[in-house]
Amino acid sequence: MKAEIISIGTELLMGQIVDTNAAYLAGQLPALGVDLYFISQVGDNLGRLADAFTRALARSDVVLTSGGLGPTEDDVTRESIAAALGETMVVQPELERHLRAFFTRRGTGMPERNVKQATLIPSATAIPNPKGTAPGWWVEKNGRIIAAMPGPPREMTYMWENEVAPRLRKLTGGVTIASRLVKTFGIGEGKVDEMLSPLLKSNNPSIGVYAKPDGIHLRVTAKAATQSEAEALLQPMVEKVLATMGETVWGFDGDTLETSVGALLKAKGLTLATMESCTGGLLASVITDVPGSSDYFKGGVVSYTNEVKAASGVDAKLIAEHGAVSEQVARAMAAAVRTRCGADIGVGVTGVAGPSEMEGKRPGTVFIAIDDGRAARVFPTFWPGERSVIKRRATTSALFHLKKLLEGRA
Ligand code: ATP
C-alpha cells in the first residue's frame, strides 16, 4: 500500500511552524507495513490544494492530511477534496447537532460559519474528534482513501491512534514489520554505502543508511504477514550486515556507547579517569550522563592549557619536545590521570578543535590514549569539521576505542 502525506497550512510555508505532524505520521507508517512515497506542504489555497489532491490520488493508495479543517474561510481542506473528486459538500443534520451541542457545553452559541465543519461529501464519512470541534473525513473512492485530520498535533495524534491507524491496519491485512538498528563508528557514510552496495539493492529486507553524531547507523527492516516471519526474514540480513561491517559495529537499537562502556567497566570491576584537552570535559560529561556512573568513573581533569597539563602530571619537556597535540602527550595524559586518580584505566584526549591550526597541525587532528596499567594504546584520528563536531567525534571515538579494548580484555 502506497501512502503520501499532505500537510496543509500557510503557516508551514511561511516557516512559522515546523511540520511535526508529517514527521509523526511518517514514523507511524512502517509499523503498519505502509510505504510512504511523498510528503508535501501546501498553503491554504483551494486551487493548489485541489491540484495536490488530484495528483496524490493518481499515484497513491492512501492520502493522509492534517490541517485546514477549521471553520474559517481559509480552512479549505474539505472544499479541495470535494473539488478534486467532483462532489458537493452537504450539511449533515446529525453532525450539526453534535457540533451545536459542543458549543452549548462550552456555554457559547455556535458561530454560523462553523456549520461547514458539519458537512460531508457522498464519498466521505466523519471521523470522530473528541479533542476538538472538527470531525475528520474518511474518504473512499475508486479504491483510493483520504484520511483528513485536524492540524493541532494533540487532535491529530488522537485521531490517528484511535481511528485512522486501526482502519488502515485492517486494510493492510495485518502486515507487520521487524527492524534492527546496527550502529557503526569509524568510517564515513560514502564508504559504508559502498561496502553495503550489493545488500542495498534488496527490497525486503531493506537497509537504510543514516549519518548520526555517534557514527553511521544502518536500519534493517523486514515486512511479513506475521512478526515471527518478519524476524526470520530480518535475521540473515542483519548477519550479512554484521559480517560486512565487522569491527566497526559497536551496538544495536537503543544502545549508546557511554552505557555500553559503563556496563563493561562495571562487569569487569574496573574504574576509569579522564584527562581532556580539546574536548573540554565533554567526555567526562557524556560518561556521567549514565545513572550509576559513580560506580566506575573516578573523575576527570580538563587540562586545557600546557600549564594545567604540567600541573596535572604531564612532563613539560614532552610538551616542549612534541607539542601538546601529540601521541606522546596523549599517552602521558592517560598515564598521569590514571595514577593521580587511582583508577584502573586512564584516557587522555588532546587535539585541535579549530578553526585555526595549532603547532602546524590541522583542525580535527586528535590523539586519544588509553592506558590500562598493562599497556598504553594511542589512536591518532583526523575528523575535520566545526569545533562542536570535532569535540563530539573525539568523544565518541574515545568511547568507541575504550569499548573495543574492554571487550578484548580478560
Ligand atoms: P483548527 O480547527 O484548530 O483551526 P485545523 O484543522 O484547521 O484546526 P490548522 O488551522 O491548519 O488546523 O492548524 C491549527 C494549528 O495546528 C496550527 O496553528 C499549528 O499550531 C498546528 N499545526 C497545524 N499543522 C501542523 C503540522 N503539520 N505540524 C505541526 N503543527 C501543526
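Residues numbered from 1 in each chain as written. Predicted model: local features only at pLDDT ≥ 70, side-chain atom pairs only at ≥ 80, totals over all residues. Heavy atoms only, no water.

Draft legend 1. Inspection of helix α6 (residues 153–171) at higher detail. Taken as a whole, α6 carries its principal kink of about 50° at Trp160. Within the span of α6, buried status applies to Glu155, Met156, Met159, Trp160, Val164, Ala165 and Leu168. Of the surrounding elements, those touching the buried residues of α6 are α2 (20–28), β3 (62–66), β6 (124–127), β7 (136–141) and β8 (144–149). (Bend = angle between axes of the 7 residues up to and from the residue. Helix = DSSP H or I, 4+ residues; strand = E, 2+ residues; numbered from the N terminus. Buried < 20%, exposed > 50% of the residue type's maximum accessible area, 1.4 Å probe, protein only. Contact = heavy atoms within 4.5 Å.)

Draft legend 2. Structural view of the pattern of salt bridges. The full count for this structure, using the stated rule, is 16 salt bridges. Of the charged contacts in the structure, one is a salt bridge between Asp295 and Lys266, with a shortest N-O distance of 3.3 Å. Residue Asp295 is located in the loop between α11 (282–287) and β14 (297–302), and its partner Lys266 is located in helix α10 (residues 257–268); the two are separated by 29 residues in the primary sequence. Residue Lys266 is classed as partly exposed on the basis of its relative accessible area of 47%. (Salt bridge = Lys/Arg side-chain N within 4 Å of Asp/Glu carboxyl O.)

Draft legend 3. Molecular detail of the environment of Ala22. Within the secondary structure, Ala22 sits in helix α2. On the basis of relative accessibility, which here comes to 3%, the residue Ala22 falls in the buried class. Separated by 15 residues in sequence, Ala22 and Ser7 place their C-alpha atoms 6.6 Å apart. Among residues more than four places away in sequence, those in contact with Ala22 are Ile5, Ser7 and Ile39.

Draft legend 4. Seen up close, the domain arrangement of the chain. By domain assignment, the chain separates into domain 1 (2–169), domain 2 (181–228 + 239–252) and domain 3 (257–408). The centre of domain 1, based on its C-alpha atoms, is set 53 Å off from the matching centre of domain 3. (Domains from an automatic or database assignment.)

Draft legend 5. Quick look at the sheet that holds strand β11 (residues 215–224). Taken together, the four strands give an open sheet; going across it, the order is β10-β11-β9-β12, and neighbouring strands pair in antiparallel fashion. Two strands bound the open sheet, and with one partner strand each, they are β10 (206–212) and β12 (249–252). Along the sheet, successive strands turn relative to each other by an average axial angle of 25°, direction set aside. Both strand β9 (residues 176–184) and β11 contribute to a ladder of nine bridges, which runs antiparallel. Counterpart to Lys183 in the pairing with β11 is His217. (Pairing = 2+ DSSP bridges. Axes fitted to C-alpha atoms, helices over the stretch in contact; angles between N-to-C directions.)

Draft legend 6. Highlighting the state of the cysteines. Under the counting rule described, the total for this entry stands at zero disulfides. The thiol of Cys278 is not disulfide-bonded; the next cysteine sulfur, from Cys341, is found 18 Å away. (Disulfide = S-S within 2.5 Å.)

Draft legend 7. Looking closely at the sheet that holds strand β1 (residues 2–8). An order of β2-β1-β3-β8-β7-β6 is seen for the six strands of this open sheet, with the pairing classed as mixed. At either margin of the open sheet sits one strand with a lone partner, and together these are β2 (35–42) and β6. Recorded for the sheet is a direction-independent mean angle of 15° between the axes of neighbouring strands. Looking at chain direction, β1 and β2 are connected through seven bridges and run parallel. Looking at β2, one finds that Ala3 is bridged to Leu36.

Draft legend 8. Spatial organisation of the packing of aromatic side chains. Within the structure shown, the criterion is met by three aromatic pairs. With 5.3 Å between their ring centres and 45° between their planes, Phe185 and Trp383 make a pair best called tilted. One end of the pair, Phe185, is in the loop between β9 and α7 (189–195); the other, Trp383, is in the loop between β17 (376–382) and α15 (387–408), and 198 residues separate them in sequence. A relative accessible area of 19% places Trp383 in the buried class. Measuring from centroid to centroid gives 5.3 Å for Phe185 and Phe400, while their planes differ by 50°, and the two rings are tilted. Of the two residues, Phe185 sits in the loop between β9 and α7 while Phe400 sits in helix α15, which places them 215 residues apart along the sequence. (Phe/Tyr/Trp six-rings, centres within 6.5 Å; stacked < 30°, edge-to-face > 60°.)

Draft legend 9. Quick peek at the site of the ligand. Lining the immediate surroundings of the ligand are 19 residues, of which Glu11, Asp19, Leu69, Gly70 and Gly151 lie closest. One nitrogen or oxygen atom from the side chain of Asp75 is found 3.1 Å from an oxygen atom belonging to the ligand. Pro152 is positioned such that a nitrogen or oxygen atom in its backbone is 3.2 Å from an oxygen atom of the ligand. Protein contact buries 76% of the 610 Å² of open area that the ligand shows by itself. Secondary structure elements with two or more residues in the shell around the ligand: β1, α1 (10–13) and α2. When the residues that make up the shell around the ligand are grouped by side-chain class, the tally is eight nonpolar, eight polar and three charged. (Near = heavy atom within 4 Å. Polar contact = N/O pair within 3.5 Å; in protein donor to acceptor, adjacent residues only side chain to side chain. Areas by Shrake-Rupley, 256 points an atom, 1.4 Å probe, with all protein chains shown as cover. Nonpolar A, V, L, I, M, F, W, Y, C, P; charged D, E, K, R; others polar.)

Draft legend 10. Spotlight on the pairing of β17. As judged from the seven bridges shared by strand β16 (residues 365–371) and β17, these two strands associate in the antiparallel manner. Within the sheet, the bridge partner assigned to Ile368 lies in β17 and is Phe379. Between β16 and β17, which pair antiparallel in sequence order, lie four residues; one of them, Gly373, sits at a positive phi of approximately 85°.

Draft legend 11. How the structure looks around the packing of helix α3 (residues 46–59) against helix α4 (residues 77–85). Put simply, α3 and α4 touch, their axes get as near as 8 Å, and they point 55° apart. Considered as vectors, α3 and α4 are oriented oblique to each other. Relative to α4, α3 is oriented so that their crossing is right-handed. For the pair α3 and α4, the contacting residues are Leu46, Leu49, Ala50, Phe53, Thr54 and Leu57 in the first and Thr77, Glu79, Ser80, Ile81, Ala83, Ala84 and Leu85 in the second. (Parallel < 35°, antiparallel > 145°, perpendicular 65-115°, else oblique. Left-handed = near helix turned anticlockwise from the far one by under 90°.)

Draft legend 12. Quick peek at the pairing of β1. Burial runs high along β1: six of the seven residues are buried. Inspection of the sheet shows β1 paired to β3 by five bridges, in the parallel sense. In the sheet register, Ala3 faces β3, and the bridge partner there is Val62.

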